[in-house]
Amino acid sequence: MTTISNNLHRVREQIANACERAGRPVADVGLLAVSKTFAAAAVREAAEAGQRRFGENYIQEAVEKMTEVAGFGLPERLEWHCIGPIQSNKTRLVAEHFDWAHTVDRLKIAQRLSEQRPESLPPLMVCIQVNIDGGANKSGVAPQEAAELARAAAALPRIVVRGLMCIPEPADGFDAQLAVHRRARQLFDEMAAQRIPGLDGFDTLSMGMTDDLAAAVAAGSTLVRVGSGIFGRRQTAAR
Ligand SMILES: *Cc1c(COP(=O)(O)O)cnc(C)c1O
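Residues numbered from 1 in each chain as written. Predicted model: local features only at pLDDT ≥ 70, side-chain atom pairs only at ≥ 80, totals over all residues. Heavy atoms only, no water.

Colleague: Break down the nonpolar core for me, with residues and values.
Modeller: Counting residues in each nonpolar core, the largest one holds 70 residues, and the members touching the most others are F54, F98, L113, V161, L164, I230 and F231. If sequence neighbours within four positions are ignored, L164 has contacts with C127, I128, V130, A184, L187, F188, M191, F202, T204, L205 and S206. (Core = buried A, V, L, I, M, F, W, Y, C linked by side-chain atoms within 4.5 Å. Buried < 20%, exposed > 50% of the residue type's maximum accessible area, 1.4 Å probe, protein only. Contact = heavy atoms within 4.5 Å.)

Colleague: An account of the environment of A153 is needed here, citing residue identities and associated values.
Modeller: Its location among the elements puts A153 in helix α6 (residues 146–154). Taking the C-alpha atoms as reference points, A153 and G198, separated by 45 residues in sequence, lie 8.9 Å from one another. Once residues lying within four places of it in the same chain are set aside, the contact partners of A153 are L107, A110, I159 and V161. (Helix = DSSP H or I, 4+ residues; strand = E, 2+ residues; numbered from the N terminus.)

Colleague: Talk me through the site of the ligand; I want residue IDs and the actual numbers.
Modeller: Among the 13 residues in the neighbourhood of the ligand, the closest are listed as K36, N57, T210, S228 and R234. Between the ligand and K36, the relevant distance is 2.7 Å, taken from an oxygen atom to a side-chain nitrogen or oxygen of the residue. The backbone of G227 places a nitrogen or oxygen atom 2.8 Å from an oxygen atom of the ligand. Protein coverage of the free-state accessible area of the ligand, which is 390 Å², stands at 90%. (Near = heavy atom within 4 Å. Polar contact = N/O pair within 3.5 Å; in protein donor to acceptor, adjacent residues only side chain to side chain. Areas by Shrake-Rupley, 256 points an atom, 1.4 Å probe, with all protein chains shown as cover.)

Colleague: Give me the lowdown on the environment of G173, citing residues and values where you can.
Modeller: Inspection of the secondary structure puts G173 in the loop between β6 (159–165) and α7 (174–193). Distance from G173 to N17, taken between C-alpha atoms, is 17 Å for residues 156 residues apart in sequence.

Colleague: I'd like a rundown of the layout of surface pockets, residues and numbers included.
Modeller: Empty space within the second largest pocket amounts to approximately 310 Å³. Together, 17 residues line the second largest pocket, and M66, A70, R77, L78 and W80 are the ones closest to its centre. Of all the secondary structure elements, the ones that give two or more residues to the lining of the second largest pocket are α3 (59–71) and α4 (91–97). Per-element tally for the lining of the second largest pocket: the top contributor is α3, with 5 residues. Grouping the constituent residues of the lining of the second largest pocket by class yields 10 nonpolar, 2 polar and 5 charged. (1 Å grid on protein atoms, 1.4 Å probe; cavity = no way out; pocket = protein on both sides within 12 Å on 5 of 7 lines; lining within 4 Å. Points joined across faces, edges and corners; volume = space filled by probe spheres on them. Nonpolar A, V, L, I, M, F, W, Y, C, P; charged D, E, K, R; others polar.)

Colleague: Could you give me a rundown of the packing of aromatic side chains, with the residues and numbers involved?
Modeller: A full pass over the atoms with the stated rule returns 3 aromatic pairs. Summarising the aromatic geometry, the rings of F54 and W80 are spaced 5.7 Å apart at their centres and angled 35° between planes, so their arrangement reads as tilted. Taken together, the residues F54 in strand β2 (residues 53–56) and W80 in strand β3 (residues 79–82) connect sequence positions 26 residues apart. The same class applies to F54 as to W80, namely buried. Between the aromatic rings of F188 and F202, the centroid separation amounts to 5.1 Å while the plane-to-plane angle is 20°, which identifies the pairing as stacked. Taken together, the residues F188 in helix α7 and F202 in the loop between α7 and β7 (204–206) connect sequence positions 14 residues apart. (Phe/Tyr/Trp six-rings, centres within 6.5 Å; stacked < 30°, edge-to-face > 60°.)

Colleague: So what about the UniProt feature "modified residue: N6-(pyridoxal phosphate)lysine" (unreviewed entry) in the chain? Which residues, and what values?
Modeller: In the numbering used here, UniProt assigns the feature "modified residue: N6-(pyridoxal phosphate)lysine" (unreviewed entry) to K36. One can find K36 in the loop between β1 (30–34) and α2 (40–48). What makes K36 buried here is its relative accessible area of 15%. Contacts of K36, omitting those with residues within four sequence positions, involve G55, E56, N57, Y58, E61, K65 and R234. (UniProt positions renumbered as here; feature names shortened; annotations may be inferred.)

Colleague: Go over the side chain of H181, please, and point to the residues and values.
Modeller: Position of H181 relative to the elements: it lies in helix α7. Each residue touching H181, except ones within four places of it in the same chain, is listed here: P168, M207, G208, D212, A215, A216 and A219.

Colleague: Now, about empty space enclosed by the protein: what can you tell me, with residues and values included?
Modeller: Taken as a whole, this structure holds 1 cavity of 30 Å³ or more when the rule is applied. Approximately 30 Å³ is the volume found for the largest cavity. If you go around the largest cavity, the residues you meet are V130, I132, L164, M165, C166, A184, L187 and L205. Mapped onto the lining of the largest cavity, the elements with two or more residues apiece are β6 and α7.

Rendered as structure tokens:
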């Protein structure tokens, strides 16, 4: 087994253990492999180890990688999720190349994604990014604004609002992480209960990374985004 397939195996085990402790079915928690800064060959290795869903932050880098990966002729189609900030001038690339966008935090971005989604593709799946702990230098709508943005975005024809995404500030220890993640789950449940028109597919809570995966699963995440735990430490400094 390669390092990547070993790591994937271990991360899947961590998710399964966290599910078991939380009394949740393991099928309720998906794994997004965050391949930012890693080469197409790393994506291939993960795909060969059974991974289908990949997350990328830097849109230009991602699109180049997708083209390269397509050239490998892998037997199964991969699913690409944009988890990085989306500026207005990048919405077209996202709409044309990704399956999901997790970082919608303004109606203008949602509108552009909907307008620019090619007719030949299924609608783009989106999550509303919420700044759940008020982190100063992070994107995301304030929690009390999430429902309104979701309602407006859900009315757009070419996107489907699937849930919420958050990136809590790093917190020390399981309990501190759990407390923040629980606030996100509570908001998610409140919004699901509001029966907002167009939000019948609202089933995704994207939260948890390598260092807070267990707490995120305990709190009710349905999709964890794991990078370094699968691909190793990133060499390239964050851009
Ligand atoms: C980089 C990144 C991840 C993965 O982080 P790791 O700590 O490497 O698991 C997850 N989500 C977002 C939004 C990221 O930018």
